[in-house]
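Breakdown of the fold
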Amino acid sequence: MIFQELRINPTRLISRVERLGKIGALEGGGVCRLALTPSEKLGRDHLVAEMKALGLDVAIDPIGNIFGARKGRREGPAVMLGSHIDTVATGGLYDGALGVLAGLEVIATLNEGNIETDLPVVVAAFTNEEGARFAPDMLGSLVFVGGLSLAEALDIVSIDGKRLGEELEAIGYAGTDQGPEEVAAYFELHIEQGPVLEDEKVEIGAVLGVQGISWTELTIRGRSAHAGTTPIRLRRDAGLAAARIAAGVGAFVRSMGGDQVGTVGASTLTPNLVNVVAETAVMTVDLRNPDEGLLQVAEAKLTALIEQIAGEEEVTIERRSLARFEPVDFAPALIETIDGTARVLGFSTRRLFSGAGHDAQMLARIAPAAMIFVPSVKGISHNITEYTEPADLANGANVLLQVTLKQALP
Ligand code: HGY
Ligand code: MN
Ligand code: MN
Ligand code: MN
C-alpha cells in the first residue's frame, strides 16, 4: 500500500470540528443546526469557505447538496467522501460533521503531499440528512441518487410549516450545479452513535449495512371537553389515545425482542391545557429492524394497535408515512478494504450493522458504498453530550485517508 506512512494532521482535524461546532452552538453545550435554518446556512457558508481554501471546485446542486471536488488525472468517476452538517435540535459536534470534515482533512493531507490521484476525490455534504425538520431523513442524498424527484422534495413541508423549496431559496443554497455524474466508491466516516465499539474496546467499525426504517405520523382527532364536568364514558380523548398508542408501541416492541426498536419521539396535544380533554394529538412512531420481514411485522402490529385504540377511544386516526427505507447492505469489497486497512494501521476492528440511517445507504443505490465507525462515549448521540475521543477521530480519519488512496490511485 503506497503512502502507507501518510497520516492526517490530528490537531488540524480537531480544530475543524471545533470551529464548525461553534456554529449553532447551544448555551449548555451541543449544537443545533436544523436543516435549512439560518444557523445551518452559516455552517454551509463555513464549509464552502473551507473547501475553497483547499482549492476545491465547489458545486451546489438543486437540492442544496454541497460537493467540493479535487481534480484527478482523469475526469471521473469520483471517489466520494461524505456525510452531513445538519443536526437534530439537541445535536453534538460529531454526528455528520466528522465525515465531512475528515474528508476535508484527507484533501489537505493529499495537498500537503502533492499527491496527484488518478480519480477525482469529492467531499460531499448532503442536505437534510437528519430528517428532524423535514421528513424523510437522508433527503438530499435520496434526491441525488434519483430516489425522490426534486419537485416532490421541494414541496415537502417542515414540522414548523415551511415549504422546503422556499427555505432552500431563503438560505441561498438552491443550486444550479450538477453533482458528480459517476461515483466509483463512496466512503462515510461516522460516529457509531451506539455502545458496541466502546463496550468491546474496539477502535474501528467496518459497517455491514443499515437497518430498515419506518417513520409514521399519526393525527388523532377527538373532541375537546371540560376535564371536570365530562363523564369518562362521553369522552373522545385524543390525549389518552396517544398515550395508549405510545404504551402499545413499547409493549409490542418489547414482545418482539431481538433487534426491534420503536420510538415515539414527538407528541403534541391541542389545546394542551390542564383542564381540557385534548381535541387532537399529532405523534410520530419510528420503527426499525435489520430484517425487512420483521419490520413489516412491527408495522402490522402498529396498524392493529391504531385500529384498536381508535375504536375503544372513539377517535379518528389518520396516518401518514414520513419515511420508509428497507435494510441496505454495503459493498463487501469496500467493507474488506476498510477492515483490512484498519488492521494494517494497527487498529482493532469489528463488523457491525448501523442502527442509525446514513447518506451511505442512499449512495449504495448508485455505487459501491461503505462506512467507517469510531466509538461514541457511552454510546450517546442525538444528545448535547455526544462525545468521541480525539484519538478515535484521528484513527477514523486515517482509515478514511488510506481507503481513499486505495480507490483514487491507479
Ligand atoms: O434517524 C436517523 O437514523 C438519522 O440520524 N437521520
Ligand atoms: Mn449522522
Ligand atoms: Mn443523526
Ligand atoms: Mn444519520
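Residues numbered from 1 in each chain as written. Chains lettered and ligands numbered in written order. Predicted model: local features only at pLDDT ≥ 70, side-chain atom pairs only at ≥ 80, totals over all residues. Heavy atoms only, no water.

**Some points on the layout of surface pockets**
- If you add up the space inside the second largest pocket, you get close to 360 Å³.
- A69, K71, E75, P120 and V122 are, among the 20 residues lining the second largest pocket, the residues nearest its centre.
- Listing elements by their share of the lining of the second largest pocket, those giving two or more residues are strand 1 (57-60) and strand 2 (66-70).
- Considering each element in turn, the lining of the second largest pocket owes the most residues, three residues, to strand 2. (1 Å grid on protein atoms, 1.4 Å probe; cavity = no way out; pocket = protein on both sides within 12 Å on 5 of 7 lines; lining within 4 Å. Points joined across faces, edges and corners; volume = space filled by probe spheres on them. Helix = DSSP H or I, 4+ residues; strand = E, 2+ residues; numbered from the N terminus.)

**So, the coordination of the manganese ion (ligand 3)**
- Protein coordination of the manganese ion (ligand 3) is provided by D95 (OD), E130 (OE), E130 (OE) and H382 (NE2), with donor distances spanning 2.2 to 2.5 Å.
- Read from N- to C-terminus, the donor residues coordinating the manganese ion (ligand 3) fall into the pattern D-x34-E-x251-H.
- Since its relative accessible area comes to 41%, H382 is described here as partly exposed. (Donors = N, O, S within 2.8 Å, 3.2 Å for Na, K, Ca; no water. Buried < 20%, exposed > 50% of the residue type's maximum accessible area, 1.4 Å probe, protein only.)

**So, empty space enclosed by the protein**
- Tallied over the full model, the rule gives one cavity of 30 Å³ or more.
- E40, R44, G64, I66, I85, A125, F126 and T127 together form the lining of the largest cavity.

**Overview of the coordination of the manganese ion (ligand 2)**
- All of the protein donors around the manganese ion (ligand 2) are H84 (NE2), D95 (OD) and H190 (NE2); their distances to the metal are 2.0 to 2.3 Å.
- Along the chain, the residues donating to the manganese ion (ligand 2) are arranged with the sequence spacing H-x10-D-x94-H.
- In this structure, the manganese ion (ligand 2) is positioned 3.5 Å from the manganese ion (ligand 3), and both are ligated by D95. One end of the pair, D95, is in the loop between strand 3 (78-83) and helix 3 (97-112); the other, H190, is in strand 5 (residues 183-191), with 95 residues separating them in the sequence.

None of the figures reported here should be taken as evidence of function without further support.
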